[in-house]
Amino acid sequence: MASESSSEQVRVHFRRSGGLFAGNRLEVDVGREELDPAAVEALDRVLDGSLPEAPPPPAGAADDYRYDLSVRRGEQVVSLRLDGSGLPPELAPLVDALEQRALDRRG
């Protein structure tokens, strides 16, 4: 796993946009050490490239949230753009944790 193979610092930039109402944008930057074990496991999948291909969003999904993730470990950067309806279940713990962090910091 990525956590075993590298001691380099991992940072995640997360942005959620879209949804039914304007102004629902959330954004946060966190370190790997700030995440719970389930989120770290999902983060390792992102870094290892072991996520399944996300299906295209279904018709009428324009009001879904859109998630942008940028994960940096040393020189490696992995960027993902996902729609709420096409979010792989393996990533749900990471997205949930990042949303909560963003909401907590929002105040």
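Conventions and cut-offs
- Going along each chain's sequence as written, the residues are numbered from 1 onward.
- The model is predicted, so local features are restricted to residues of pLDDT at least 70 and side-chain atom pairs to those at 80 or more, both for listing and for counting; the totals for chains, interfaces and linings are taken over all residues.
- Only hydrogens and water are removed before side-chain values are computed, so all heavy atoms of the structure are retained for them.
- Whether two strands pair comes down to DSSP finding at least two bridges between them.
- By definition, any uninterrupted DSSP run of H or I lasting at least four residues is a helix, any uninterrupted run of E lasting at least two residues is a strand, and each is numbered from the N terminus.
- The definition of a nonpolar core used throughout is a set of buried Ala, Val, Leu, Ile, Met, Phe, Trp, Tyr and Cys residues joined through side-chain atoms within 4.5 Å.
- Only protein chains enter the calculation, and the probe is 1.4 Å; a residue is then buried if its accessible area is under 20% of its type maximum, exposed if over 50%, and partly exposed in between.
- The contact definition used throughout considers only heavy atoms, calling two residues in contact when any of these lie within 4.5 Å.
- Salt bridges are identified by distance alone: a Lys or Arg side-chain nitrogen within 4 Å of an Asp or Glu carboxyl oxygen.

**With respect to the pairing of strand E3 (residues 65–73)**
Relative to E3, strand E1 (residues 10–18) runs antiparallel, the two sharing nine bridges. The residue of E3 that forms the bridge with His13 is Ser70. Bridge count between E3 and strand E4 (residues 76–83): eight bridges; the pairing is antiparallel. Of the residues in E4, the one forming a bridge with Tyr67 is Leu82.

**A short note on the nonpolar core**
Membership of the largest hydrophobic core comes to 24 residues, with the highest contact counts inside it found for Val12, Phe14, Leu35, Leu43, Val71, Leu94 and Leu98. Elements with a minimum of two residues in this core: E1, strand E2 (26–31), helix H2 (37–48), E3, E4 and helix H3 (92–106). The dominant element in this core, judged by the number of residues it contributes, is H2, at six residues. Apart from residues lying up to four places away in sequence, Leu98 is in contact with Val12, Phe14, Val28, Val30, Leu35 and Leu69.

**Here we look at the environment of Leu98**
Looking at the element boundaries, Leu98 is found in helix H3. Given the relative accessible area of 0%, Leu98 is considered buried. With 86 residues separating them along the chain, Leu98 and Val12 place their C-alpha atoms 8.9 Å apart.

**Quick notes on the pattern of salt bridges**
Taken as a whole, this structure holds nine salt bridges when the rule is applied. Taking the shortest distance from any N to any O, the salt bridge between Glu27 and Arg25 comes out at 3.0 Å. For Glu27, a relative accessible area of 38% translates into the label partly exposed. For Arg25, a relative accessible area of 47% puts it in the partly exposed group. A salt bridge links Arg81 to Asp68; the nearest nitrogen and oxygen atoms lie 2.6 Å apart. Residue Arg81 is found in strand E4, and its partner Asp68 is found in strand E3; the two are separated by 13 residues along the sequence.

Just distances and angles here, no functional claims.
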